Amino acid sequence: MSFFKKLKEKISKQTDTVTEKFKQGLTKTRDNFSGKVNDLVARYRKVDEDFFEELEEILIGADVGFDTVMELIDELKMEVKRKNIQDPQEVQAVISEKLVDIYQGGTTEATSELNIQESGLTVILFVGVNGVGKTTTIGKLGHKFKSEGKTVLMAAGDTFRAGAIEQLEVWGERVGVEVIKQGAGSDPAAVMYDAIQAAKARKADILLCDTAGRLQNKVNLMKELEKVKRVIEREIPGAPHEVLLVLDATTGQNAMIQAKTFKEATDVSGIVLTKLDGTAKGGIVLAIRNELNIPVKFVGLGEKMDDLQKFDAEQYVYGLFANQVEEEE
């Protein structure tokens, strides 16, 4: 059975809604990446060095990342040699298979799963620069958890900007979740302390914590995040249970720079990649996973409340190669 057939079989076990969201959300990247791969395959009669050089350029152009591209091309060359593949058409399925392998790192574990505590409070800390969709992500996840029957609170820890507090309050009202806040300029760690006490008093299941997103001075950022984490850990040993870095997919390699900075500043446990539907360079998902070894937990595939989807490597690859997958019977 070909890889595309196996892929179709696997994703058929998931809901059609999820499959459709990945297919629609990755339209720009598919048209850019898969379209160029199709053109490449059509122009070549055999798989040779020139073919791989052009493929390399296409992958780099999709923001897959230089190191990841080099690794992928080497693996593709080995696979083509091992299977004695002559027809460029057959390479498409091998590319898809290798993309899944690279993301999963040789494992099939569900890296998108959040570390939710079965009993007691789960604290999720959100980090990221301003304008990446951090507050929107918190609001959408608040809606998701609430719709699952969980009691949710939000903490307005970005006290650096009054607008950030107001924006989180708007989302709180929209999804019906209480926001714990202080005035602009307050100590973020004090806000977290208040939020944890409120969450304990209300026997909440989930506490979603916003933080300031300025990167002008990395030392200050690190100190602030360390202080916030110390307060959280002191009040709830083992917390925060997740530190999610929110990145804007449309910023491409700039998102990688942000990821490296925040990884140095705090223990990032996962990535939320917003606006993936707005970029033709969705290969950034692979670069982040492979080069920084941080799993992508959620991706933004549209503006609607339920368009923030749990990341799935196979659905992602399906979204990239939907036309080829559906062509196979």
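Going by the structure above, here's the rest.
All values reported here derive from a predicted model rather than from experimental measurement.

**Student:** Would you explain the pattern of salt bridges in this entry?
**Tutor:** Once the charged atoms of two side chains with opposite charge are near each other, the side chains can pair. Under the counting rule described, the total for this entry stands at 21 salt bridges. For Asp 187, the salt bridge identified is with Lys 227, shortest N-O distance 2.8 Å. In this pair, Asp 187 sits in the loop between β3 (178–180) and α9 (188–201) while Lys 227 sits in helix α10 (residues 218–235), placing the two residues 40 residues apart along the sequence.

**Student:** Which parts of the structure should I look at to understand the packing of helix α6 (residues 91–104) against helix α13 (residues 313–320)?
**Tutor:** A pair of packed helices can be characterised by two numbers: the angle between their axes and the separation between those axes. Direction vectors running N to C along α6 and α13 enclose 150 degrees, while the axes themselves pass 10 Å from each other. At the point where α6 passes α13, the crossing takes the right-handed sense. Contacts from Ser 96, Leu 99, Val 100, Tyr 103 and Gln 104 in α6 reach Ala 313, Glu 314, Val 317 and Leu 320 in α13. Classifying every residue of the contact of α6 with α13 gives 6 nonpolar, 2 polar and 1 charged.

**Student:** Explanation requested: the nonpolar core in the structure shown.
**Tutor:** The tendency in soluble globular proteins is for nonpolar side chains to be buried side by side. Leu 55, Leu 208 and Leu 273 are the most contacted members of the largest nonpolar core, which has 111 residues in total. For this core, the element with the highest residue contribution is α6, accounting for 8 residues. In this structure Leu 55 touches Val 37, Leu 40, Ile 73, Leu 76 and Ile 95, once residues within four positions along its chain are discounted.

**Student:** I'm lost on the sheet that holds strand β8 (residues 308–310) in this one. Help?
**Tutor:** The strands making up a sheet associate through backbone hydrogen bonding, with each pair oriented either parallel or antiparallel. One open sheet accounts for 8 strands, arranged β3-β2-β4-β1-β5-β6-β7-β8; its pairing is mixed. Strands at the two margins of the open sheet, each flanked by one partner only, are β3 and β8. Sheet twist, expressed as the mean angle between neighbouring strand axes with direction ignored, is 25 degrees. When strand β6 (residues 270–274) meets strand β7 (residues 296–300), the two strands line up parallel, connected through 3 bridges. Paired with Ile 271 across the bridge in β7 is Val 296. Packing of helix α8 (residues 162–175) onto the sheet brings it into contact with β2 (152–155) and β3, and relative to β2 it is tilted by some 170 degrees.

**Student:** So what exactly am I meant to see when it comes to the environment of Leu 292 here?
**Tutor:** Within the secondary structure layout, Leu 292 lies in helix α12 (residues 284–292). Among the residues examined, Leu 292 registers a relative accessible area of 6% and is labelled buried. Sequence-wise, Leu 292 and Lys 260 are 32 residues apart; in three dimensions their C-alpha atoms are separated by 7.4 Å. Once you skip the residues sitting within four places of it in the chain, Leu 292 turns out to touch Met 256, Ala 259, Lys 260, Lys 263 and Ala 287.

**Student:** Please explain the packing of aromatic side chains as it appears in this structure.
**Tutor:** The way to describe two aromatic rings as a pair is by their centre distance and the angle between their planes. Counted by the stated rule, this structure contains 4 aromatic pairs. On the basis of an interplanar angle of 85 degrees and a centroid distance of 5.6 Å, the ring pair of Tyr 44 and Phe 51 is categorised as edge-to-face. Since its relative accessible area comes to 1%, Phe 51 is described here as buried. Judged by centre distance (5.8 Å) and plane angle (80 degrees), the ring pair of Phe 51 and Phe 52 falls under edge-to-face. For Phe 52, a relative accessible area of 6% puts it in the buried group. Grouped by ring-pair contacts, the aromatic residues Tyr 44, Phe 51 and Phe 52 constitute a single cluster.

What counts, and at which threshold
Residues numbered from 1 in each chain as written. Predicted model: local features only at pLDDT ≥ 70, side-chain atom pairs only at ≥ 80, totals over all residues. Heavy atoms only, no water. Salt bridge = Lys/Arg side-chain N within 4 Å of Asp/Glu carboxyl O. Helix = DSSP H or I, 4+ residues; strand = E, 2+ residues; numbered from the N terminus. Axes fitted to C-alpha atoms, helices over the stretch in contact; angles between N-to-C directions. Left-handed = near helix turned anticlockwise from the far one by under 90°. Contact = heavy atoms within 4.5 Å. Nonpolar A, V, L, I, M, F, W, Y, C, P; charged D, E, K, R; others polar. Core = buried A, V, L, I, M, F, W, Y, C linked by side-chain atoms within 4.5 Å. Buried < 20%, exposed > 50% of the residue type's maximum accessible area, 1.4 Å probe, protein only. Pairing = 2+ DSSP bridges. Phe/Tyr/Trp six-rings, centres within 6.5 Å; stacked < 30°, edge-to-face > 60°.

Remember that the coordinates give geometry; whether it matters functionally is a separate question.
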